[in-house]
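Chains, contacts and geometry: an overview
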Amino acid sequence: QVQLVESGGGLVQAGGSLRLSCAASGYIVSSYLMGWFRQAPGKERECVAYISWNGGSTYYVDSVKGRFTISRDNGKDTVSLQMNSLKPEDTAVYYCALRISDWAPTTTPTGYSYWGQGTQVTVSS
């Protein structure tokens, strides 16, 4: 059974930083795309970033480019999201997700097979 467990969320002031981590177990995740999504109250879940199996390809939504960095350690089956210069609009529940597919990467939530439970990130102004 695949398990994805996020950690690292919390409350931070605007301009601050947080590092989210996602630990995977129960599957050889190193062969597949992993992503970070977020969902704010009343809004749809959006893909913040994803990273290819070997880290060679990444994607960032425009609103976080230059501030967030996604990385992975396949030896430890972990994926991380370093978030700098945080803004109040970054406030959301953040989820890591695993895409079990050989097809092209996607930012669509339905393209991901497994999800973590989410971790709250709150940025105060």
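As a starting point, this report considers the structure included with it. (Residues numbered from 1 in each chain as written. Predicted model: local features only at pLDDT ≥ 70, side-chain atom pairs only at ≥ 80, totals over all residues. Heavy atoms only, no water.)

Brief notes about the packing of aromatic side chains
We count it as follows: The rule is short: rings of Phe, Tyr and Trp, with Trp giving its six-membered ring, pair when the centres are within 6.5 Å, and they are stacked under 30 degrees, edge-to-face over 60, tilted in between. Each residue gets one of three labels from its accessible area relative to the maximum for its type: buried under 20%, exposed over 50%, partly exposed in between, using a 1.4 Å probe on protein chains only. Criterion for a charge above a ring: Lys NZ or Arg CZ within 6 Å of the ring centre, and within 35 degrees of the ring normal.
Within the structure shown, the criterion is met by five aromatic pairs. When the centroid spacing of 5.1 Å and the interplanar angle of 20 degrees are considered together, the rings of Y50 and Y59 count as stacked. Since its relative accessible area comes to 12%, Y50 is described here as buried. Through a chain of ring-to-ring contacts, three or more aromatic side chains come together here, namely F37, Y95, Y112 and W115. Over the ring of Y95 we find R45; its NZ or CZ atom is 3.9 Å from the centre of that ring. Of note, R45 hangs over the ring of W115, and the distance from its end group to the ring centre comes to 4.8 Å.

Description of the sheet that holds strand β3 (residues 18–25)
Stated formally: Here a strand pair is declared whenever DSSP counts at least two bridges between the two strands. A run of H or I in DSSP counts as a helix once it spans at least four residues, and a run of E counts as a strand once it spans at least two, with each numbered from the N terminus. Axes, fitted as lines to C-alpha atoms, cover a helix only where it is in contact. Angles between the N-to-C directions of the axes lie from 0 to 180 degrees.
An order of β1-β3-β8-β7 is seen for the four strands of this open sheet, with the pairing classed as antiparallel. Each edge of the open sheet is held by one strand with a lone partner, namely β1 (3–7) and β7 (68–73). Neighbour-to-neighbour, the strand axes of the sheet open up by a mean angle of 15 degrees, direction not taken into account. Relative to strand β8 (residues 78–83), β3 runs antiparallel, the two sharing six bridges. Of the residues in β8, the one forming a bridge with L20 is L81.

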